[in-house]
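# Breakdown of the fold
As a plain string of letters, each chain reads:
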Amino acid sequence: MFVLGIETTCDETAVAVVEDGIHIRSNVIVSQAALHRSFGGVYPEIAAREHLDLLIPTIEQALQQASVTKKEIGLIAVAKGPGLIGPLLVGLNGAKTLSVAWNIPFIGVNHVEAHLYAAMMSHESFLFPALGVVISGGHTFLVKIVDVGHYELIGTTVDDAIGEAFDKVATLLGLPYPGGPEIEKLAQEGNPERFPFKAGKVKHHPWDFSFSGLKTSVLYAIKGQNGSKESRVLISEEDKKDVAASFQEAALGDICHKTAAASATFDCQAIYIGGGVSQNKHLREMLQAKNLPCSIYWPQKELCLDNGAMIAGLGFHLFHQTGKGDPLELEPQTRISLTKS
Ligand code: KG4
Ligand code: ZN
């Protein structure tokens, strides 16, 4: 079965054609990052308008690259949330319209679940129970994966998502959006032990994450004790490298530590990691160095960031589990929990 996957939760207009949940026939990603750069983050209204202009041409491009005609598509999968309401409405209404016009079902999928599925794609079989780690610009989750589509929440962030913390620290250092890759690059030349930064601990919730205190420590290191976002930078270009390296070490160290501990505590047979921050090479080295007894699965490069292939892949499985698509009444959900029975 060919599934058309549509992703418009944030600032990527992405469409893919995937065969039987795993074979990627095309995966077109149009990033709007350059458009939002001057705002230091995603400007929701501009993102929605861009999606509106880009969606149809991106669908046409995905079909063409896959050498698949619209008549061969059996299902449309679309990210129904979590995400920005304007962008979500464009993708969901586009999927509903095509579903009526082509007379095929459509199914809404959870974008965060799809990030986990990205690490499972390209493998013919899955290992469960597994630990799922979602580390992206909008989300930070540890879950026990019981089956595709069935999760038990272990921990999440009580404030910033990890990618959001990278983006905000990058802004403080005067680096462009998205900040994650910029921090990783700068950190390569810095000393990770120079600043004693630490990620936060959440009282009575040992598996939860907190990055806002870490972000404030970085702010003070750059702009002086009690400095504000608007204050001027007080450190040299060389010091900036050490700030980037020390921040990255603290933030990724926290992810690694909790990932390793949770995989043992919850008796997991594999670890699946997804979301934009999974692109970070230093994170991969840090986790690999822990020599965990279970295998760690990372998404292929083009599946780390937001993409339509992970939406199509997960949509295929969910459709076959339930045997039906969603009704046209399906509404976008700006927030969705990952917990399912
Ligand atoms: O998964 P994604 O495309 O968006 C959401 O669903 O939120 O992830 C984007 C996030 C951004 O915050 C970006 O800075 C971060 O992933 N990111 C990285 C790296 N590449 C992307 N963070 C750290 N290191 C990287 N190499
Ligand atoms: Zn995402």
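Let me sum up the structure you'll find in this document. (Residues numbered from 1 in each chain as written. Chains lettered and ligands numbered in written order. Predicted model: local features only at pLDDT ≥ 70, side-chain atom pairs only at ≥ 80, totals over all residues. Heavy atoms only, no water.)

A few words now on the layout of surface pockets. Reported here for the largest pocket is a volume of approximately 1500 Å³. Along the wall of the largest pocket there are 50 residues; nearest its centre are Ser 136, Gly 137, Gly 138, Gly 163 and Asp 167. Among the secondary structure elements, those contributing two or more residues to the lining of the largest pocket are helix H4 (111–120), strand E7 (140–147), helix H5 (162–172), helix H6 (179–187), helix H9 (281–288) and helix H10 (301–304). Here the lining of the largest pocket gets 6 residues from one element, more than from any other, and that element is H5. Tallied by class, the residues present in the lining of the largest pocket amount to 16 nonpolar, 22 polar and 12 charged. (1 Å grid on protein atoms, 1.4 Å probe; cavity = no way out; pocket = protein on both sides within 12 Å on 5 of 7 lines; lining within 4 Å. Points joined across faces, edges and corners; volume = space filled by probe spheres on them. Helix = DSSP H or I, 4+ residues; strand = E, 2+ residues; numbered from the N terminus. Nonpolar A, V, L, I, M, F, W, Y, C, P; charged D, E, K, R; others polar.)

A word on the site of ligand 1. With respect to spatial proximity, 20 residues lie near ligand 1, and among them Gly 137, Gly 138, Asp 167, Glu 184 and Gly 276 are the closest. Here an oxygen atom of ligand 1 and a backbone polar atom of Gly 137 are 2.9 Å apart. Considered on its own, ligand 1 offers 560 Å² of accessible surface; in the complex 92% of this is hidden by protein. A molecule is said to occupy a pocket when more than half its atoms come within 2 Å of that pocket's grid points, and by this definition ligand 1 occupies the largest pocket. Contributions of two or more residues to the shell around ligand 1 are made by H4, H5 and H6. Among the elements that make up the shell around ligand 1, the one with the highest residue count is H6 (4 residues). Grouping the amino acids of the shell around ligand 1 by side-chain chemistry returns 5 nonpolar, 12 polar and 3 charged. (Near = heavy atom within 4 Å. Polar contact = N/O pair within 3.5 Å; in protein donor to acceptor, adjacent residues only side chain to side chain. Areas by Shrake-Rupley, 256 points an atom, 1.4 Å probe, with all protein chains shown as cover. Sits in = over half its atoms within 2 Å of the grid points.)

Enumeration according to the criterion identifies 8 aromatic pairs in this entry. Residues Phe 166 and Phe 247 carry aromatic rings whose centres are separated by 4.9 Å and whose planes lie at 70° to one another, so their mutual orientation is edge-to-face. Of this pair, Phe 166 sits in helix H5 while Phe 247 sits in helix H8 (residues 237–265), and the two are 81 residues apart along the sequence. Seen from their ring centres, Phe 209 and Phe 211 are 6.1 Å apart, and the 20° between their planes marks the pair as stacked. Under the relative-accessibility criterion, Phe 209 is labelled buried at 1%. Three or more aromatic residues joined by ring pairs make a cluster, and in this case those are Tyr 117, Phe 126 and Phe 128. (Phe/Tyr/Trp six-rings, centres within 6.5 Å; stacked < 30°, edge-to-face > 60°. Buried < 20%, exposed > 50% of the residue type's maximum accessible area, 1.4 Å probe, protein only.)

Okay, the sheet that holds strand E4 (residues 73–81) next. Taken in spatial order, the 5 strands make up an open sheet running E3-E2-E1-E4-E5, and their pairing is mixed. The open sheet has two edge strands with one neighbour each: strand E3 (23–31) and strand E5 (106–110). On average, each strand axis in the sheet is inclined to that of its neighbour by 20°, with strand direction left out of account. Contacts from helix H2 (residues 44–66) reach strand E1 (2–7), strand E2 (12–19), E3 and E4 within the one sheet, and its direction differs from that of E2 by about 25°. The sheet contacts of helix H3 (residues 85–102) involve E1, E4 and E5, and relative to E4 the element is tilted by about 160°. (Pairing = 2+ DSSP bridges. Axes fitted to C-alpha atoms, helices over the stretch in contact; angles between N-to-C directions. Contact = heavy atoms within 4.5 Å.)

We now examine the coordination of the zinc ion (ligand 2). Around the zinc ion (ligand 2), the protein contributes the donor atoms His 111 (NE2), His 115 (NE2) and Asp 306 (OD), at 2.0 to 2.1 Å from the metal centre. Taken together, the 4 donor atoms surrounding the zinc ion (ligand 2) define angles of 96 to 130° at the centre, an arrangement classified as tetrahedral. Counting gaps between the donor residues of the zinc ion (ligand 2) yields the pattern H-x3-H-x190-D. Of this pair, His 111 sits in helix H4 while Asp 306 sits in the loop between H10 and helix H11 (308–322), and the two are 195 residues apart along the sequence. We classify His 111 as buried; its relative accessible area is 4%. (Donors = N, O, S within 2.8 Å, 3.2 Å for Na, K, Ca; no water. Tetrahedral: all angles 85-135°; square planar, octahedral: opposite > 155°, others 65-115°.)

Of all hydrophobic cores here, the largest spans 49 residues; its most connected members are Ile 162, Leu 173, Ile 183, Phe 211 and Phe 247. Of the residues forming this core, the biggest block, 11 residues, is contributed by H8. Leave out the neighbours within four places in its chain, and Leu 173 touches Ile 183, Leu 186, Ile 222, Lys 240, Val 243 and Ala 244. One finds Ala 16, Leu 75, Ala 309 and Phe 316 within the second-largest nonpolar core, a separate group that totals 38 residues. (Core = buried A, V, L, I, M, F, W, Y, C linked by side-chain atoms within 4.5 Å.)

Note that all results are geometric; they support no functional claim without further evidence.
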